[in-house]
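So the chains spell out like this:
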Amino acid sequence: MTMTHYMELLAVNQPWNLLIFMAIPVILAETVAISELYLLYTRDYDGPVRRLNRWAGITVGVYFTGVFIHLIQNAVVPLTVSGGWRGPADVLAVGFYLAGIVPLGGIALLDLGLIGRGRGEQGRMAIHAALVGLFLIVAHIAMIFGMLDPTLLTGAAAAGGHTMH
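Treat the numbers as computed from the prediction; the structure is a model and nothing was measured.

## Some remarks on the packing of aromatic side chains
- Evaluated as defined, the whole model comprises two aromatic pairs.
- Both rings, one in Tyr6 and one in Tyr97, keep their centres 5.7 Å apart while their planes meet at 70°; by these two values the pair is edge-to-face. Of the two residues, Tyr6 is situated in helix α1 (residues 5–11) and Tyr97 in helix α4 (residues 88–98); the sequence distance between them amounts to 91 residues.
- Judged by its relative accessible area of 11%, Tyr97 is buried.
- A network of ring pairs unites the aromatic residues Tyr6, Phe64 and Tyr97 as a single cluster.

Laid out in structure tokens, this is it:
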């Protein structure tokens, strides 16, 4: 079975690509998500958990901006120019992975005080929580499409006659 470029990126250059493109951003994003649950429950916006949440939010946003720029320059543009995409699932996997820049960048901008200034702490945390949720959605969609045979949505996989008995 052919892999999507998303899965191939994570599979090659072990363990470095897996760490750089999956483990670091996911661990930071999950730190934000888990600490977010605590903050929303306790409303303790001045303690160490909020400081950890803010640090992880800024760090993941800045880090993923670098990942985004790197992959646009070194994967998306070359694959698009050369016609190297392996099918719709391939494009969707990479596209949804890269769409993570919206929520992660938004979290960083919010935690840096560059957006949401006119809102109170509760209002900023509501936006923060919505961005965390959006990241979870796009990341999981990327993983789902990334694990598919990239030819599946083209009809080519069905032509192979593989069936489960």
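## Some thoughts on the pattern of salt bridges
- Inspection of every chain in the model, using the stated rule, returns four salt bridges.
- Notably, a salt bridge pairs Arg50 with Glu121, separated by 3.7 Å at the nearest N-O pair. Residue Arg50 is found in helix α3 (residues 48–82), and its partner Glu121 is found in helix α6 (residues 121–147); the two are separated by 71 residues along the sequence.
- On the accessibility criterion, Glu121 (25% relative accessible area) is partly exposed.
- Salt-bridge contacts for Glu121 lead to Arg124; the nearest nitrogen and oxygen are separated by 2.8 Å. On the criterion of helical spacing, the pair formed by Glu121 and Arg124 is a turn pair, its members being three residues apart in helix α6.
- Judged by its relative accessible area of 23%, Arg124 falls in the partly exposed class.
- Through salt bridges with shared partners, a single ionic network connects Arg50, Asp111, Glu121 and Arg124.

## With respect to the nonpolar core
- Ranked by size, the top nonpolar core spans 27 residues in total, and within it Tyr6 and Tyr97 carry the most contacts.
- For this core, the secondary structure elements donating two or more residues are α1, α2 (16–42), α3, α4, α5 (101–111) and α6.
- Excluding anything up to four places from it in sequence, Tyr97 contacts Tyr6, Phe21, Pro25, Phe64, Val67, Leu71 and Ala142.

## Things to note about the layout of surface pockets
- For the largest pocket, the calculated volume is near 260 Å³.
- If you go around the largest pocket, the residues you meet are His5, Tyr6, Glu8, Leu9, Val12, His70, Leu71, Asn74, Ala75, Leu79, Val94 and Tyr97.
- Secondary-structure elements contributing two or more residues to the lining of the largest pocket are α1, α3 and α4.
- If you tally residues by element for the lining of the largest pocket, the top one is α3, at five residues.
- Looking at side-chain class alone, the lining of the largest pocket contains eight nonpolar, three polar and one charged residues.

## Notes on unusual backbone geometry
- Along the chain, Gln14 connects to Pro15 via a cis peptide bond; the corresponding omega equals -5°.
- Structurally, Pro15 is set in the loop between α1 and α2.
- Unusually for a residue other than glycine, Asn13 sits at a positive phi of about 55°.
- Positive phi outside glycine occurs at Arg43, with the angle close to 60°.
- Inspection of the secondary structure assignment puts Arg43 in the loop between α2 and α3.

About the cut-offs
- Residues numbered from 1 in each chain as written.
- Predicted model: local features only at pLDDT ≥ 70, side-chain atom pairs only at ≥ 80, totals over all residues.
- Heavy atoms only, no water.
- Phe/Tyr/Trp six-rings, centres within 6.5 Å; stacked < 30°, edge-to-face > 60°.
- Helix = DSSP H or I, 4+ residues; strand = E, 2+ residues; numbered from the N terminus.
- Buried < 20%, exposed > 50% of the residue type's maximum accessible area, 1.4 Å probe, protein only.
- Salt bridge = Lys/Arg side-chain N within 4 Å of Asp/Glu carboxyl O.
- Core = buried A, V, L, I, M, F, W, Y, C linked by side-chain atoms within 4.5 Å.
- Contact = heavy atoms within 4.5 Å.
- 1 Å grid on protein atoms, 1.4 Å probe; cavity = no way out; pocket = protein on both sides within 12 Å on 5 of 7 lines; lining within 4 Å.
- Points joined across faces, edges and corners; volume = space filled by probe spheres on them.
- Nonpolar A, V, L, I, M, F, W, Y, C, P; charged D, E, K, R; others polar.

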